[in-house]
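# Observations on chain architecture
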Amino acid sequence: MRTMWTAALVLALGGTAAQAQGVAKKPADAAKAAPSPDELPEEAKTIYALGLSVGKDLSLFALTPEELQVLQRGIADGISGTPSSIEPKDYAPKIQAFAKSRQAQAGEAALARAAKEPGAVKLPSGVIYREVSAGTGKSPRATDTVKVHYEGRLVDGTVFDTSAKRGIPVEFPLNGVIPCWTQGVAKMKVGGKAKLTCPGATAYGERPPPGSRIPPNAVLIFDVELVDIPGDTSKP
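## A short note on the overall build of the protein chain
Within the protein chain, the secondary structure is distributed over seven helices and seven strands. Along the protein chain, helices (α) and strands (β) appear in the sequence α-α-α-α-α-α-β-β-β-β-β-α-β-β when read from the amino end. Every one of the 236 residues in the protein chain was classed for burial, and the buried ones make up 29%. In the protein chain, the share of contacts with a sequence separation of at least 24, taken over all contacts with a separation of at least 6, comes to 71%. Summed over all atoms, the accessible surface of the protein chain reaches about 14,500 Å², with 57% contributed by carbon and sulfur.

Here you go:
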């Protein structure tokens, strides 16, 4: 199983063991060896999908092209059994620390970009609120129940949840969700849409939902539409 995942990772990174070890190919041969995913046989598409999944898991490392080459070399050496003085298990703590560091850098960069967007407002908690389209209804109070449509993304663009797939808006008490939502949605009006960029501490912190692809302390981005405030007695 470990070998299969490693091979898939090489495919996902666009390299092979031979390429990573410096075996050159003629441009024409390279083009023939790299058909588009849609042109692959069905079994090869399955392998490609496996590699794509692994590649997405690696996206949090935000590797540079130079770092990607080093990674490919390590994969190739592992596949070929090339002796190395580096023992992967000895580097496990460093790999974890490296992942956390790169995730934090990517999160800070996303927050900085969001803060520079036209109309963006940085709340005291660090949440970046940007109105996309203004609503014409009321703004909810913290104790209100709200009905919303939303899409949640990681900073690399991966969608981890969306109400659109379910086809119905989500209803919840505004004071019963993550702080980013409590603070951001409270600034909206019914019918309006907004983008919320949430620092990890205002999202799920160290404990993301079980089974989700959200890393601990991840900066999250939500597109939110405030559909209604059910039970609002002030409505006509």
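## Focus: the packing of aromatic side chains
Tallying each qualifying case throughout the model produces four aromatic pairs. When the ring of tyrosine 150 is compared with that of tryptophan 181, the centres are 5.3 Å apart and the planes differ by 80°; the resulting orientation is edge-to-face. On the criterion of sequence distance, the pair formed by tyrosine 150 in strand S3 (residues 145-154) and tryptophan 181 in helix H7 (residues 179-185) is long-range, its members being 31 residues apart. Exposure remark for tyrosine 150: the relative accessible area of 12% places this residue in the buried category.

## Looking at the environment of glycine 192
As for its position among the elements, glycine 192 is in the loop between H7 and strand S6 (193-198). Along the primary structure glycine 192 and aspartate 228 are separated by 36 residues, whereas in three dimensions their C-alpha atoms are 9.9 Å apart. Residues within four places of glycine 192 in sequence aside, it is in contact with Ser133, Ala134, Gly135, Val224, Glu225 and Leu226.

## Concerning helix H5 (residues 65-80)
The end-to-end C-alpha distance of H5 is 22 Å, a good match for the 22 Å that 16 residues give at a rise of 1.5 Å each. Along H5, the positions that sit buried rather than exposed are Gln72, Ile75 and Ala76. All buried residues of H5 project into a common sector of 100° when viewed along the axis, lining one side. Away from its buried face by more than 90 degrees, H5 exposes Glu66, Val70, Arg73 and Gly78. At the exit of H5 stands glycine 81, carrying a positive phi of roughly 80°.

## Some words on the pairing of strand S2 (residues 128-133)
Relative to S2, strand S1 (residues 120-122) is paired through three bridges, and the arrangement is antiparallel. For valine 121, the partnering residue across the bridge sits in S2 and is tyrosine 129. Between S1 and S2, which pair antiparallel in sequence order, lie five residues; one of them, glycine 126, sits at a positive phi of approximately 100°. As paired elements, S2 and S6 share five bridges and run antiparallel to each other. Within S6, the residue paired with glutamate 131 across the bridge is alanine 194.

## Topic: the pattern of salt bridges
For the structure on display, the rule yields eight salt bridges. Salt-bridge contacts for arginine 73 lead to aspartate 77; the nearest nitrogen and oxygen are separated by 3.9 Å. Pair noted here: arginine 73 and aspartate 77 are both in helix H5, with a separation of four residues, about one helical turn. Each of Glu117, Arg130 and Lys195 takes part in a single network of salt bridges with overlapping partners.

## Things to note about the nonpolar core
Of all hydrophobic cores here, the largest spans 26 residues; its most connected members are Val148, Trp181, Val185, Leu196, Phe222 and Val224. Secondary-structure elements contributing two or more residues to this core are S3, H7, S6 and strand S7 (220-228). When near neighbours in sequence (up to four residues on either side) are disregarded, leucine 196 contacts Ile128, Tyr129, Cys180, Trp181, Gly184, Val185, Leu220, Ile221, Phe222 and Val224.

## Some points on unusual backbone geometry
Most peptide bonds adopt trans geometry, and most residues besides glycine take a negative phi value. The residue asparagine 217 is not glycine, and still its phi comes out positive at about 60°. Structurally, the position occupied by asparagine 217 is in the loop between S6 and S7. Assessed through its relative accessible area of 38%, asparagine 217 is described here as partly exposed.

## Some points on the state of the cysteines
Scanning the model with the defined rule gives one disulfide in all. Two residues, cysteine 180 and cysteine 198, share a disulfide whose sulfurs are 2.0 Å apart. Disulfide cysteine 180-cysteine 198: the torsion about the S-S bond is -60°, which places it as left-handed. Residue cysteine 180 is found in helix H7, and its partner cysteine 198 is found in strand S6; the two are separated by 18 residues along the sequence.

Scoring rules and cut-offs
Residues numbered from 1 in each chain as written. Predicted model: local features only at pLDDT ≥ 70, side-chain atom pairs only at ≥ 80, totals over all residues. Heavy atoms only, no water. Helix = DSSP H or I, 4+ residues; strand = E, 2+ residues; numbered from the N terminus. Buried < 20%, exposed > 50% of the residue type's maximum accessible area, 1.4 Å probe, protein only. Contact = heavy atoms within 4.5 Å. Areas by Shrake-Rupley, 256 points an atom, 1.4 Å probe, with all protein chains shown as cover. Phe/Tyr/Trp six-rings, centres within 6.5 Å; stacked < 30°, edge-to-face > 60°. Expected span 1.5 Å × (residues − 1). Arc of directions from axis to C-beta. Pairing = 2+ DSSP bridges. Salt bridge = Lys/Arg side-chain N within 4 Å of Asp/Glu carboxyl O. Core = buried A, V, L, I, M, F, W, Y, C linked by side-chain atoms within 4.5 Å. Disulfide = S-S within 2.5 Å.

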